[in-house]
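Observations on the model geometry
Below, each chain spelled out in residue letters.
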Amino acid sequence: MNSLPSALEFRGVTKGFRLPNSTDTRIAINDVNFNVRNGEFVAIVGPSGCGKSTILNMTAGLYQPTAGEVYVSGEQVTSPNSHVGFMLQKDLLLPWRTIVGNVEFGLEARGMGKADRREVALSELKRCHLEDFANHYPYQLSGGMRQRAALARTLAIDPAIVLLDEPFSALDAQTKLLLQQNFGETIMQSGVTTLLITHDLSEAVFMADRILVLSERPATVIEEIVVDLPTRGNLMERRKSPKASEYIGRLFELLKLESRAI
Ligand code: ADP
Ligand code: MG
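Residues numbered from 1 in each chain as written. Chains lettered and ligands numbered in written order. Predicted model: local features only at pLDDT ≥ 70, side-chain atom pairs only at ≥ 80, totals over all residues. Heavy atoms only, no water.

As annotated in an unreviewed UniProt entry, the chain carries the name ABC transporter ATP-binding protein and comes from Marinobacterium aestuariivivens. According to its UniProt record, the chain has this under Sequence similarities (unreviewed entry): "Belongs to the ABC transporter superfamily." (UniProt positions renumbered as here; feature names shortened; annotations may be inferred.)

Topic: helix H8 (residues 242–254)
Under the 1.5 Å per step criterion, the end-to-end length of H8 is 19 Å for 13 residues, consistent within 8% with the ideal 18 Å. Against strand S3 (41–45), helix H6 (201–207), strand S9 (210–214), strand S10 (221–226) and helix H7 (235–240) lie the buried residues of H8. The backbone nitrogen of Lys243 has a side-chain oxygen 3.1 Å away, supplied by the residue at the start of H8, namely Ser241. Positive backbone phi, approximately 50°, marks Lys256, located one or two places after H8. (Helix = DSSP H or I, 4+ residues; strand = E, 2+ residues; numbered from the N terminus. Expected span 1.5 Å × (residues − 1). Contact = heavy atoms within 4.5 Å. Polar contact = N/O pair within 3.5 Å; in protein donor to acceptor, adjacent residues only side chain to side chain.)

Here's the deal with the pattern of salt bridges
If you walk through the whole model with that rule in mind, you get 16 salt bridges. Between Glu223 and Arg250 there is a salt bridge whose closest N-O contact spans 2.9 Å. Here the residue Glu223 occupies a position in strand S10, and Arg250 occupies one in helix H8, the gap between them amounting to 27 residues. A relative accessible area of 24% means that Glu223 is categorised as partly exposed. Each of Arg97, Glu104, Glu108, Arg117 and Arg118 takes part in one network of salt bridges that share partners. (Salt bridge = Lys/Arg side-chain N within 4 Å of Asp/Glu carboxyl O. Buried < 20%, exposed > 50% of the residue type's maximum accessible area, 1.4 Å probe, protein only.)

Considerations on the sheet that holds strand S8 (residues 194–197)
Here we have six strands laid out as an open sheet, ordered S6-S7-S8-S3-S9-S10, and mixed in their pairing. Both outer strands of the open sheet, strand S6 (84–87) and S10, are each paired with one neighbouring strand and no more. When strand polarity is set aside, the average angle formed by the axes of neighbouring strands in this sheet is 15°. The sheet contact formed by S9 and S10 spans five bridges and is antiparallel. Pairing of Leu212 across the sheet is with Glu224, part of S10. (Pairing = 2+ DSSP bridges. Axes fitted to C-alpha atoms, helices over the stretch in contact; angles between N-to-C directions.)

Right, here's the structure in full:
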């Protein structure tokens with residue numbers, strides 16, 4: 001039998017937040033159960049405000065469950081943990097450090113020696129096609145390049161799982177498409193387990209092995225869709241598949257996008 005623990009497991013997880021100036025709580029997510037296998041790419045979609053970011057914050061150990069348990073690589077998450085690479089919409093690169101200096105940052109924090117961390121950082125930059133920009137500063141790069149640098153920094157620490165919270169939502173449509181392709185390839189090549197939150201349904205279909213669909217808040221998993229398309233990591237190929245549009249249609253239905261009021 002498979003003895004390796006899942007990269008990530010949510011077991012009956014509920015999270016409530018205390019409302020300001022009140023003793024009432026708001027339940028953000030309710031009895032959420034799912035698994036992410038090692039090397040798998042899972043996307044999470046759901047209505048705005050349903051609790052998607054809460055799930056990522058709990059994976060990173062920034063919030064603790066009100067009930068249930070979260071496990072990363074078989075270990076219960078009870079505090080912020082360094083096995084998780086977290087990437088947000090904003091790249092959060094340090095403006096006073098060069099690109100390679102930014103990629104080295106997490107390695108430095110772990111006490112890796114200077115020569116070693118430079119080597120790791122440069123090889124990550126190469127994988128993200130940014131080796132020529134190693135000595136540039138963040139302000140000298142385009143938005144898309146900065147996101148790639150942020151991915152290189154995230155991968156450099158060799159995380160058990162990478163969390164992406166709407167990483168492309170601040171970019172223009174074409175940059176977004178190119179970056180989805182670029183991230184898809186890089187992640188596939190590195191083999192890292194990935195959890196992507198997105199409100200872009202086609203992005204979920206083009207990038208993921210599996211999609212978890214959440215309900216309105218309090219979020220619970222209403223459906224899991226296995227994306228049975230070849231060529232993960234090759235978004236341009238996936239876009240051509242008629243089956244891809246069927247999956248997108250199914251997500252539309254599940255999220256009731258035709259009938260939902262705005
Ligand atoms: P999503 O990412 O799906 O848009 P979030 O996970 O950010 O949604 O939020 C889900 C719900 O939990 C929202 O109602 C939000 O107001 C609430 N929430 C999230 N974080 C906090 C917090 N730190 N304190 C209080 N309420 C929060
Ligand atoms: Mg969010």
